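# Secondary and tertiary structure notes
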Amino acid sequence: MLPNAIVKSKLFPPKIAGRALPRQRLLTRLLDARRIRCVVLHGLAGCGKTTLATTWRQALLPMGFDVAWLTLAADDNDISRWLDYLLASFAQIDPAMTSDASLLAGRGGDSEAVERALISLVQTLTLRSRDLTLFLDDLDYLTDVRSRWALQWMIDNAPQNLHFVLISRRPPPVSLSRLRDHGQLLELDFRDFRFSREESEMFLEAQLGVIDRRDAAAIYERTDGWAAGLQLLSIGWKKSGDRRAPRGDVKQAKVQDAHAFSNYFETEVLLRLSLSELALLTRAAACNRFCASLCAAMLGRPNEGADVAAALSRLEADNAFILRIEGFEREVWYRFHPLLGETLGDRFEKLGEDERRLVHERAWVWFQGRGHIEEAMRHAMRAGESAAAADLLEQYAQDLYMSGNIRGLLGLVRQLPPKEIQSRVLLRLWMARSQLFARELQACAASIDDLQNDIPAHDLANRYALTLLRASYAIQRDDARAVEAIRELLSAVPEAADASMIGGHNNILTWLHLRHGEYAEGRRIQREAPPLLVNGAPLLGTAGGALQGEGLVGLSYALEGDVVESERCYRDVLFKAERNGVACHEANCFATACLGEILYELNDPAGAIRLLETKVDLLERISIPDSVLRALTALSDASWICGHELDSLAYLQRLEEYASNLSLDRLLAAGLAGLARRRLQRGEFEKAKSDLARLVAIDTRRPARSDAFALDEIELLSGRAQVDWRIATGDLEGAAALLDPLIARSRNRGRQQVVVHLAMQRGWVADRLGRLEEARSSAFSALHLGRRLGLVRSILDVNAQIVPLIRKLSKAEPLDPLLAFYVDRLAAASTPATLRIDTTQTAPSEPLSEREFEIVDLLAQALPNKKIARTLGLSPETVKWHLKNIYGKLGVSGRDEAVARMRDAARPTAAPQSGCRGAALKTVTSSELSGNKIAHHLAGAAVDAVDP
C-alpha cells in the first residue's frame, strides 16, 4: 500500500487540455529510442515537453512497457520524501517490486540506508522480464544534493530493462556524460520542440479552423515555432494581403574539371558583369569573406556602402556564385564559391603591386576598426607593414587569448619577423608561450632566461606573466620543486592581473597541492576560492583554463581513488571541451588520458583502448607528463587483460623512452615497474631483474634538487616492484614485511586506490602463509574501501584467483548486503575479457613487402616502434605507416594478432630448417615474399621469439 502522505496525483501524467497536435516527427524519434537508458526533454515553458511525454507514455503501454510517472514539486526536495515518491511510482506498477526497498528506506535517511534501498530496488528490477520506463517531470525542483545523488546512483546502476525520461526546463541536475559517450542518451531541447512550418499550420488550423497559408507562415516566422507563442498569436490574428515569392530560372552547365570551371566562370559569370561589378568582386577576392562596407572601403569609396550592398544583393539573387554567410552580425557577409574565388584571386594577383598593397592597406584599417584583429594583421603583413602588424598583435593579443583563440594567436606570433618580436617584451612572452605550447622546451627555457634578465622590476604585470610561464614550464618538466620555489612569487598577484593570470594561478596551485597530496585543498581552490574582482566583476579565466581546472578536480578524486567522481568530472570536461572546440583542446587531451585510466579501473579495457590508442601521439606532443603517464599505463594494462601481451609491453617501453628522452625520473620509474611486473608474469625473470635493478638505481640516486613528491612516488613504485619480485620468487615473508610500510605510506598520502590494492595483496600473501585472520582482516578492509570508491581492477589485478579467495574468506563471516553486492560485481567483472583473435585466415590477403617482413619480425621480439625505427634506419612515423599497412593486409588490429596470424599461417608448412633469423632474412628475395612463403618464414621467426 502507498503511504498516506503520498499525493497520488503526482504519480500520473497531467491531462491534456483540448486536442493535442500529434508530433509524429518527435514521437517517432522517441519510439525508436525506447530501449536506450535515458531520454532528456528540456526546454522553455510552453514548448510542449510534458504533452509530448504524455503522448509517448500512452504509446509505450500497448508495446509491452511498464510505465511509472512522478511529477515533482517544491516540497519533494528532501531525500526521504523523494525516495518515498520514487518507490511509490514503481509501486503503482507492482507493490511487490518495492516492498523490500521500502522497508530498507524506512530504516533511516542516511546515505547507507538510501544506498541499501536503491540496491534492493535495482536487484528486484533486474529480475523482471518487462521493460520499465520511469518518467520524472519538473525535475528542476530536485535541488537537494543527496536526492540528486540518489537519482545519479539509479541511472549509473540501473539494469538494462530500466529506462529514464527526465523532463525539465533546464538540463537535468545529474551527470549523463557516460551515457552520452555510449550512445545511451537522447537529448531533445527547444530546437527540437520547435514546430516545423507544416506542424505550425496544422496547429493553427486546429485552433482557428481555417487559415490562409501565408498568414500561417507569417505567424510561424514571428513565433519561431514556439508552441505557446503560436497559441497566443493565433488568437485575433488578422489576415494580411497577398504575397508572392520571387521565382527565377537557374542556368545549368556541364563541366568536368577545374579548368572548365574557370572557363565557365569567366564566360558565364564574369563577362556578364559590368566593369564596376567586376572591379568590386576582384577586390573582394583579397579577403576570405566580405561585406558591403568592407568592399566599399577597398574600392576607396567608403561612403558608397549602400550602393555596394545593393550590388552584392543583386549578384547573389542572380546566382553569381556569391553565398551569404549565416551569422549574428548586423551586416550581411558573403563568400565566394571556392572555384569562383580562385578565378577572381587570379585576377586580383594580376593587378599592379601598388594597387594590391593599397587594397590590403584599406582592408587592414577596416578590420582593425571593427576589432577583427587576425584579419587586420594578415592584411597589414600583405601590405608590407610588419611593424604595424606587430603593434596590432601587441595591443590585442590578450583579447585573442581570452576569447579562446590560443592557436590562432600563437600562429600569428610566429608569422611576424623576428626583429619585430625581439623589440617588444610582450611579444617575446607570447613567443615563449608558443614554444611551450609546441613543446620546444629548450627554446622555451632559453626565452625564459632571457626575459628574466630583460623585464624591468617595475613591470609587475609582465614579470608575473613570466612567473606563470616559469611554473607552466616546470609542470611540463614534472618538477614540483621548481614550482614550489616560486610559490611566493605566484601568490603575489599584481593588481593589474587579468582573468587568464588568475585562472593560471589557480590551476598551478591546484596542481601543486595535488602533488603534495592535499586533494581537498586543490578542489577548494577550483570550487570555493573567491575570484579576483576588477571593477566589481569576477575574473574567472579562459574557457580552456576553466576546463583544465575541472580536469584537475577530476584528477584529485582519481589520486584519492574515488573513480566514480573522477569519471564524472572527466566526462563532463570532455563534453564541454568538444563543444568549445580548439580553445579547450588541452583540457580535452588531459581529460581523455585520465578517463582512459578510469575506464580501465572500471573494467572496460576495450573502451579504454578505443578512447586512447588514437590519441597517444597527440598526448605526447601537447599534454603534461601526467597525461602521458596515465594514458600509456592504461593502454598497457588494458591490452594485457585483453590478451595482447606484446602491445602491453610496447606501451610500457614507449613510456620508458618518453621519460628517458625528457629526463622524467618519475615516469621512467613507472615504466620500469610496469615492465618488471609484466615480465614476471611472462616468466622472463632475467629481464624483470634488469628492469628492477634500474628502478632501484633511480630510487637510490635521490638527487638533492629533486622534489619530494617524485622521490616518494619513485620509492613507492620501487617498493611495489620488489613486492612483486618476492612474491614471484616465493619469498612471501619478505613480501609481507614490505607491504605494511607501503600501505602506511600510501594511506598517509591519501592514495586510497593504492591502499586498496596493497591491502588486498597483503591479504593474499597472508592467506598463502596460512594466516587466515590476517588475510581476512586485510582483504575485508580493502573490500570496504574499494566498495566506497567504486574500484574494480585495483582488486582484480592482485591475482587471477582473488575472487575465489574472497569467497573463501567470507565463509567464516557472512558479508553484509552492501559488501555482498560489491563482491558479486567483482565476480562478474573477473570473467576474462580477452579479445578473440580470428585465425581463420591462413595467409595474408595481400603479399607483404620485404620491409614489412622485417618489421613484423621485429614485432615478434617485442620491440617498440622507436627501436624498430632505429634498427631499420627509419623514422618512427614511417614505422607507424608500415604497421598500419601490415595490420590491414593481415586483417588484424595489433602486434600480438599480427604475430599470431603469421604463425597460424605457417602451420600447414614445414618449419624452417636452421640458421638465425637475420640469416633467414638475407636469403629471402622480394619475389618470394608472398602467400604461404612469407607466412611460413615469418611465423618461424615469431615462434623463435615468443614460444618458451
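As the structure is a prediction and not an experimental result, all values here were calculated from the model. Position numbers for residues count from 1 along each chain, tracking the sequence in the order it is written. pLDDT decides what is reported in this predicted model: residues at 70 or higher carry local features, side-chain atom pairs at 80 or more are listed and counted, and totals for whole chains, interfaces and linings draw on all residues regardless. The side-chain quantities take in all heavy atoms of the structure and omit both hydrogens and water.

Helices and strands together make up the secondary structure of the chain, namely 50 helices and 10 strands. For the exposure calls, accessible area comes from a 1.4 Å probe over protein chains only, and a residue counts as buried if that area is under 20% of its type's maximum, exposed if over 50%, partly exposed in between. Residues counted as buried form 51% of the 948 residues belonging to the chain. Contacts are residue-level and defined by heavy atoms, with any inter-residue pair within 4.5 Å sufficient. Within the chain, contacts between residues separated by at least 24 positions form 69% of all contacts whose residues are at least 6 apart in sequence. Every accessible area reported is derived by Shrake-Rupley at a probe size of 1.4 Å, with residue values counting cover from the shown protein chains alone. Summing over all exposed atoms, the chain offers an accessible surface of approximately 44300 Å²; the carbon and sulfur share of this is 51%. Helix and strand definitions follow DSSP, with helices as H or I runs of at least four residues and strands as E runs of at least two, each counted in order from the N terminus.

The next point concerns the pattern of salt bridges. Pairing between side chains becomes possible if they bear opposite charge and their charged atoms approach one another. We define a salt bridge as a side-chain nitrogen of Lys or Arg found within 4 Å of a carboxyl oxygen belonging to Asp or Glu. Under the criterion given, the structure shown has 51 salt bridges. Here Arg787 ties to Glu115 by a salt bridge, and the two come within 3.2 Å at their closest N and O atoms. Here the residue Arg787 occupies a position in helix H41 (residues 772-789), and Glu115 occupies one in helix H5 (residues 111-126), the gap between them amounting to 672 residues. Take Arg787: its relative accessible area is 22%, and that puts it in the partly exposed class. According to the relative accessible area criterion, Glu115 is buried, its value standing at 17%. Measuring nitrogen to oxygen at the nearest pair gives 3.1 Å for the salt bridge that ties Glu560 to Arg523. Linking Glu560 in helix H29 (residues 543-560) with Arg523 in helix H28 (residues 519-527), this pair joins segments that are 37 residues apart in sequence. Neither Glu560 nor Arg523 differs from the other in exposure class; each is buried.

This brings us to the sheet that holds strand E6 (residues 290-291). Taken in spatial order, the 3 strands of this open sheet run E6-E8-E7, and their pairing is antiparallel. Each edge of the sheet is formed by a strand with only one pairing partner; in this case those strands are E6 and strand E7 (322-325). By this definition, two strands are paired if DSSP reports at least two bridges between them. Where E7 meets strand E8 (residues 333-336), 4 bridges bridge the pair, whose relative direction is antiparallel. Residue pairing in the sheet places Ile325 in a bridge with Trp333 of E8.

As a further point, take the nonpolar core. Nonpolar side chains tend toward joint burial in soluble globular proteins. Residues grouped as a nonpolar core are buried Ala, Val, Leu, Ile, Met, Phe, Trp, Tyr and Cys residues, joined through side-chain atoms within 4.5 Å. By size, the foremost hydrophobic cluster in this structure holds 123 residues, and its most contacted members are Met760, Leu783, Ile795 and Ile802. Leaving out residues up to four positions away in the same chain, Met760 has contacts with Ala779, Ala782, Leu783, Ile795, Val798, Ile802 and Ile806.

Turning to its location among the elements, Asp637 is positioned in helix H34 (residues 625-641). Leave out the neighbours within four places in its chain, and Asp637 touches Tyr600, Arg677 and Arg678.

What pLDDT conveys is the predictor's confidence in a given residue, as a value from 0 to 100. Per-residue pLDDT for the chain averages 80, and the proportion of residues at 70 or more is 81%. Per-element averaging of pLDDT across the chain places helix H49 (residues 917-923) at the bottom with 33 and helix H14 (residues 292-298) at the top with 96. In this model residues 833-844 is a low-confidence stretch, pLDDT under 50, and it forms 24 contacts with partners more than four residues away in sequence or in other chains. Across residues 908-948, where pLDDT falls below 50, the model places 64 contacts with residues more than four positions away in sequence or in other chains.

The backbone phi angle of Asp138 is positive, close to 55°, even though this residue is not glycine. Mapped onto the fold, Asp138 is located in the loop between strand E3 (132-137) and helix H6 (145-157).

Moving on to H28. Of the residues making up H28, those classed as buried are Tyr519, Gly522, Arg523 and Ile525. The arc enclosing the buried residues of H28, seen along the axis, measures out at 155°, which places them on a common side. Away from its buried face, by an angle of more than 90 degrees, H28 presents the exposed residues Ala520 and Arg527. Directions from the helix axis toward the C-beta atoms define the arc.

So, on to the pairing of strand E2 (residues 66-71). E2 sits mainly inside the fold: 6 of its 6 residues count as buried. Residue alternation in E2 divides its side chains into two sets, Asp66, Ala68 and Leu70 and Val67, Trp69 and Thr71, and both sets are buried. As paired elements, E2 and E3 share 6 bridges and run parallel to each other. From the neighbouring strand, Leu70 faces E3, where its bridge partner is Leu136.

The next point concerns the packing of helix H22 (residues 425-437) against helix H24 (residues 460-476). Packed helix pairs are specified by the crossing angle of their axes together with the interaxial distance, meaning the distance between the axes. Orientation of H22 relative to H24, taken along the N-to-C sense of each, is 10°, at an axis distance of 11 Å. When the axis of H22 is compared with that of H24, the two are roughly parallel. Here H22 contributes Val425, Leu426, Leu429, Ala432, Arg433 and Leu436 to the contact with H24, which in turn contributes Asn462, Ala465, Leu466, Leu469, Ser472, Tyr473 and Gln476. Each residue belonging to the contact of H22 with H24 can be placed in one class, and the counts come to 9 nonpolar, 3 polar and 1 charged. With axes taken as lines fitted to C-alpha atoms, and helix axes fitted only over the stretch in contact, angles between N-to-C directions fall between 0 and 180 degrees. We call two directions roughly parallel when the angle between them is under 35 degrees, roughly antiparallel when it is over 145, roughly perpendicular when it lies between 65 and 115, and oblique otherwise. Residues are grouped as follows: nonpolar covers Ala, Val, Leu, Ile, Met, Phe, Trp, Tyr, Cys and Pro; charged covers Asp, Glu, Lys and Arg; every other residue, Gly included, is treated as polar.

Pairing is parallel in the open sheet, where 5 strands are placed in the order E2-E3-E4-E1-E5. Where the open sheet ends on each side, the last strands, each with one partner, are E2 and strand E5 (185-188). Taking each pair of neighbouring strands and ignoring which way they run, the sheet shows an average axis angle of 10°. Running over the sheet, helix H1 (residues 24-32) touches strand E1 (38-42) and E5 and is turned about 165° from E5.

Our focus in this paragraph is the pairing of strand E4 (residues 162-168). In terms of burial, E4 is a largely internal element, 7 of the 7 residues being buried. Here E4 shows a buried face lined by Leu162, Phe164, Leu166 and Ser168 and a second buried face lined by His163, Val165 and Ile167. With 5 bridges joining them, E1 and E4 adopt parallel strand pairing. Opposite Cys38, over in E4, you have Phe164 as the bridge partner. Pairing geometry for E3 and E4, over 5 bridges, is parallel. If you follow Leu134 over to E4, its bridge partner there is Phe164. If the strands point away from the viewer and the path from the first strand over the helix to the second runs clockwise, then the crossover is right-handed. What joins E3 to E4 is H6, and the crossover it makes is right-handed.

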